[in-house]
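# Examining the three-dimensional arrangement
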Amino acid sequence: MKRFNLIATTLLTGLLAAGTTFASDRLDHNEIYKLRQSGEIMSMEKVLEHARTIQPGQLIEAELEREKGGYVYELKIIDAEGRMHKLELDARSGEALKRKIED
Amino acid sequence: MNSLRLRLHLLVVAGLALLLLVQMLGLRLIPQTLIENYVLTRLQHDSDTLYARLLLTPELPAQIYPTLGTVYDTPLSGHYFRITAGDHVIRSRSLWDEDLVTPTLTQSFSSVSHLAGPAGQQLLSYSHRYEVHGETLTISVAEDVTVMEETVRGLERQLFALSLLALLLVLVLQVWILRRALRPLDDAVESCVLLESGQARELKEQGPSELQPLLQTINRLSRHHGLRLARSRRALGNVSHALKTPLAVLQQQADEMDRRGEKSEADAMRLQLATMGQTISRELHRARMAGSGTPGARFDAQLELPALCEALRKLHHRRVEIELTITGEPCALDADDMLELFGNLLDNACKWAGRRVRVSVQQNTDGLRAQIEDDGPGVEQENLGNLTQSGLRLDESRPGHGLGLGIVQDIVEQYQGTLKFSRSTELDGLRVDVILPIGKNGAG
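Predicted model only: the values in this text are computed from it and were never measured.

Here is what the cut-offs are and how they apply
Residues numbered from 1 in each chain as written. Chains lettered and ligands numbered in written order. Predicted model: local features only at pLDDT ≥ 70, side-chain atom pairs only at ≥ 80, totals over all residues. Helix = DSSP H or I, 4+ residues; strand = E, 2+ residues; numbered from the N terminus. Buried ≥ 20, exposed ≤ 12 C-beta atoms within 10 Å, placed from the backbone. Contact = placed C-beta atoms within 7 Å. Arc of directions from axis to C-beta. Pairing = 2+ DSSP bridges. Axes fitted to C-alpha atoms, helices over the stretch in contact; angles between N-to-C directions. pLDDT = per-residue confidence, 0-100. Left-handed = near helix turned anticlockwise from the far one by under 90°. Nonpolar A, V, L, I, M, F, W, Y, C, P; charged D, E, K, R; others polar.

Attention now goes to the overall build of chain B. A count of helical and extended segments in chain B gives seven helices and 10 strands. Considering chain B as a whole, with its 444 residues, one finds that 24% of them fall into the buried category. Intrachain contacts of chain B at a sequence separation of at least 6 include 62% that bridge at least 24 residues.

Residue and element names in this part refer to chain A. Those residues of helix 3 (residues 44-54) that sit buried are Met44, Val47, Leu48 and Ala51. What you see down the axis of helix 3 is that its buried residues fit within an arc of 95°, all on one side. Helix 3 presents Lys46 and Thr53 as exposed residues on the side facing more than 90 degrees away from its buried surface. Packing partners of the buried residues in helix 3 comprise strand 1 (58-67), strand 2 (70-78) and strand 3 (84-90).

Residue and element names in this part refer to chain B. Pairing within the open sheet is antiparallel, and its five strands lie in the order 2-1-5-4-3. The strands lining the two open edges of the sheet, one partner per strand, are strand 2 (88-91) and strand 3 (110-116). Direction aside, the axes of adjacent strands within the sheet are offset by 20° on average. In terms of strand pairing, strand 4 (residues 122-132) meets strand 5 (residues 135-144) through 10 bridges, oriented antiparallel. For leucine 123, the partnering residue across the bridge sits in strand 5 and is aspartate 144. Sheet strands touched by helix 1 (residues 4-56): strand 1 (79-85), strand 3, strand 4 and strand 5. Its angle to strand 4, the strand with the most contacts, is close to 35°.

Right, let's talk about the confidence of the model for chain A for a bit. Residue and element names in this part refer to chain A. Predicted confidence across chain A gives a mean pLDDT of 79, with 76% of residues reaching 70 or more. Mean pLDDT across the elements of chain A ranges from a minimum in helix 1 (residues 2-22), with 44, to a maximum in strand 3, with 92. Across residues 1-24, confidence stays below pLDDT 50; counting only partners more than four residues off in sequence or on other chains, it has nine contacts.

Residue and element names in this part refer to chain B. Two numbers describe how helix 5 (residues 301-315) lies on helix 6 (residues 335-352): the axes approach to 10 Å, and their chain directions differ by 35°. For the pair helix 5 and helix 6, the sense of crossing is right-handed. Within the contact between the two elements, helix 5 uses Glu304, Leu305, Leu308, Cys309 and Leu312 and helix 6 uses Ala335, Leu339, Phe342, Gly343, Leu346, Asp347 and Cys350. Of the residues contributing to the contact of helix 5 with helix 6, the split by class is nine nonpolar, one polar and two charged.

Residue and element names in this part refer to chain B. Across the sheet, five strands lie side by side as 6-7-8-10-9; this open sheet has mixed pairing. The sheet is open, and its two edges are formed by strand 6 (321-328) and strand 9 (418-423), each paired on a single side. Between one strand and the next, the sheet's axes are offset by a mean angle of 10°, whatever the strand orientation. Where strand 9 and strand 10 (residues 430-437) come together, six bridges link them in antiparallel fashion. Paired with leucine 419 across the two strands is valine 434, which belongs to strand 10. Taken strand by strand, helix 6 contacts strand 7 (356-364), strand 8 (367-374) and strand 10, and its axis lies near 15° from that of strand 8. Along the sheet face, helix 7 (residues 404-414) touches strand 9 and strand 10 and points at about 135° away from the line of strand 9.

Let us look at the environment of arginine 5 of chain B. Residue and element names in this part refer to chain B. Note on placement: arginine 5 falls in helix 1. In this structure the C-alpha to C-alpha distance between arginine 5 and valine 175, which are 170 residues apart in sequence, comes to 8.0 Å. With near-sequence residues (within four places) excluded, arginine 5 lies in contact with Leu178 and Leu182.

To continue, consider the confidence of the model for chain B. All names here are of chain B. In this model, chain B carries a mean pLDDT of 83, and residues with pLDDT of at least 70 account for 90%. Note on residues 291-295: pLDDT is under 50 here. Beyond four places in sequence and across chains, it has 22 contacts. Interface scoring of the predicted complex returns ipTM 0.70; its pTM is 0.51.

This part takes up the environment of leucine 215 of chain B. Residues and elements named next belong to chain B. Note that leucine 215 resides in helix 3 (residues 212-259). Owing to 20 C-beta atoms within 10 Å, leucine 215 belongs among the buried residues under this scheme. Spatially, the C-alpha atom of leucine 215 lies 9.7 Å from that of glutamate 202, the residues being 13 residues apart in sequence. If sequence neighbours within four positions are ignored, leucine 215 has contacts with Pro184, Ala188, Leu203, Glu205 and Gly207.

With the exception of glycine, most residues fall at negative phi, and the peptide bonds are largely trans. Residue and element names in this part refer to chain B. Of note in this structure, tryptophan 96 is not a glycine but carries a positive phi near 50°. Unlike most non-glycine residues, alanine 119 shows phi in positive territory, near 55°. Considering the arrangement of structural elements, one finds alanine 119 in the loop between strand 3 and strand 4.

Residue and element names in this part refer to chain A. Both strand 1 and strand 2 contribute to a ladder of nine bridges, which runs antiparallel. Of the residues in strand 2, the one forming a bridge with alanine 62 is leucine 75. In textbook terms, the turn of a hairpin is the stretch between consecutive antiparallel strands, and for strand 1 and strand 2 this stretch comprises two residues, one of which, lysine 68, has a positive phi near 50°.

This is the structure we're talking about:
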């Protein structure tokens, strides 16, 4: 039981570590929460509302990245036909920066 | 309120409304409970899984990611958890840049609450208190139930509309059934009114079993009424016939006495005899008139008057031409009464007319109007009022018993009508105006 516990813990910390190393320029949701509190980025509610007008569909994944002193939201949205859309929005203004369909 | 139909309708409406209310209550509670129980089972399960995850970590982490599948990771997905232990807070990644206000449990082990979530979501939240690493912590797991609630409301609205439609349908059906069931009553009322105005009609004795005894009774009463009336008429007829012979004998004896020279005694006797004769005639007539408004034939001027005119023309040796104009539909007046009335008026007119008599009749369901004019000498203005006094004869030179116009007056009074004498403007003789209304009491 104890050994199992140990293995699981190692695995989990490994995973968590992978997550953090992976996101060197990606922010975790606790950081995002703080940014939002300080008013540096738009609320996710507004961002999603705006994204929906650009590309309707189901949100699959969202990430906030730090880029050249600004913040950029990278959204993955699946439309009604099942195509995956990748959308980049300025996190401060909501302005669309990049838009493409992934195959 | 004192209407059987209204009462039954109100009862049905009240009953159905109550049913509708119970149904609405059920509709509101049952799906709600079902959904909440279903969602809560899942939330409890996720809460226990989170607890197990925390047990595996040496100390409380700042975040748990990836967690229980993508729903707790995708931003604002509608599935959230929040773990509090003192000041330490672990939010699910799906909460992203939002936070929830979850209850901190100190007394009870678990609680269920409704929370307002991000992006206008309505959340159902389950919180549970656990002990991990010697610390007391509360795990709250919440799920967005907006869509489910909306579905339930939609279902509720549809079912309500359907129930309302069903209620209206039942009401319409009830009105129809009641109308059908109570139709014999309307028939019975109509029959009684007809009976009053002189038309006997056998009622159909079919109908609801509650009404059948009434219909049978009305029929029996109508038959009984007719029989009794005929009997009393016959009895009076018999009496008058039986009295005729003795009266004639007495009349002869009076004449005999006159011849013997006892003139004053004979005159006294004749006077009494005349009074008796008048009394018998009047009573006989009254008995017949009591029959107006009882089973008898309906008077149709169109059918009856031409024959009557022809008979009178013959009676007066075709000396007089009778112009007859009749308009309108037959009305509910007793045929015997009307024949007697027109017979007397026409006979009177023919008696006095030079050559022409003009009769015009207007009849409809409200009653009857008639004008009878002749080209005879007419009656002086001061005597017009005396015309209907029975026994009084303005002109003794022509044959008659002095009863004719008196009988007419009786009949007109019986129908609460009016009788007017005047001078004819066109024929210059007597003009008689008769108006017989058929009101509620007109034929009484």
